[in-house]
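Structural description and commentary
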Amino acid sequence: MKIFLITFLFICSCFASNTSVVKVEGMHCPLCTTAVKKAIKALDGIEKVSVILNTKEVTVTYNEKTNLNQILEAIKTTSYEGVVLSSSKK
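Heads up: these notes are all about the structure in this document.

What counts, and where the lines are drawn
- Counting from 1, residues in each chain are numbered in the order their sequence is written.
- With pLDDT at 70 or above as the cut-off, local features in this predicted model cover only qualifying residues; side-chain atom pairs require 80 or more to be listed or tallied, and sums for whole chains, interfaces and linings still use all residues.
- Side-chain metrics in this entry use all non-hydrogen atoms of the structure; hydrogen atoms and water are not considered.
- We define a salt bridge as a contact between a side-chain nitrogen of Lys or Arg and a carboxyl oxygen of Asp or Glu at a distance within 4 Å.
- Helix and strand labels come from DSSP, where a helix needs a run of H or I of at least four residues and a strand needs a run of E of at least two; each type is numbered from the N terminus.
- Exposed residues in this analysis have more than 50% of their type's maximum accessible area, buried residues have under 20%, and partly exposed residues fall in between, with area computed by a 1.4 Å probe over protein chains only.
- The criterion used for residue contact is that any of the two residues' heavy atoms lie within 4.5 Å.
- Strands are labelled as partners when DSSP assigns at least two bridges between them.
- Nonpolar cores are built from buried Ala, Val, Leu, Ile, Met, Phe, Trp, Tyr and Cys residues. Side-chain atoms within 4.5 Å join them into one set.

1. Here's the deal with the pattern of salt bridges
Pairing between side chains of opposite charge can happen when their charged atoms approach one another. Counted by the stated rule, this structure contains two salt bridges. Residue Lys-76 pairs with Glu-73 through a salt bridge whose shortest N-O separation is 3.7 Å. Remark: Glu-73 and Lys-76 occur in helix α3 (residues 68–76); sequence separation between them is three residues, near one turn of the helix. When the shortest N-O distance is used, the salt bridge between Glu-81 and Lys-76 registers 3.9 Å. Judged by its relative accessible area of 40%, Lys-76 falls in the partly exposed class. In the salt-bridge network here, residues are joined through shared partners; they are Glu-73, Lys-76 and Glu-81.

2. Brief notes about the side chain of Asn-18
Mapped onto the elements, Asn-18 comes out in strand β1 (residues 18–25). Not counting the four nearest positions on each side in its chain, Asn-18 is found in contact with Val-60, Thr-61, Tyr-62, Ser-88 and Lys-89.

3. Some thoughts on the pairing of strand β3 (residues 57–62)
Bridging between β1 and β3 involves six bridges; their strand directions are antiparallel. The residue bridging Val-22 from the neighbouring strand is Val-58, located in β3. Pairing of strand β2 (residues 46–52) with β3, which is carried by six bridges, proceeds in the antiparallel orientation. Each bridged residue has a counterpart across the sheet, and for Ile-52 the counterpart in β3 is Glu-57.

4. Here we look at the nonpolar core
Soluble globular proteins tend to bury their nonpolar side chains together. Core analysis: the largest hydrophobic core is formed by 17 residues, its most contacted members being Val-24, Met-27, Val-36, Ile-40, Val-58, Val-60 and Ile-75. The set of elements that each furnish at least two residues to this core consists of β1, α2 (30–41), β2, β3 and α3. Element by element, the count of residues in this core is highest for α3, at four residues. Not counting chain neighbours up to four residues away, the residues in contact with Val-60 comprise Asn-18, Thr-19, Ser-20, Ile-40, Ile-46, Lys-48, Val-49 and Ile-71.

In structure tokens, the structure reads:
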């Protein structure tokens, strides 16, 4: 039983998702948010992207196939700079 529990916990930790909130200054219209969202979604391992124009915040849920640095680089391709506000692992 112990082996099963250890194996289960290991498998769950391998597939755990990360959620990060990134502030993206400069976005001022829906086209801006669409560009940022599209750039992030193009990365492998992205599970969900939500962009809120009023707060200029992007919430990204992603797995082990990508990382926060790759997400920030994807944002840079849209001529915006991202600053991490928070990050957590589920």
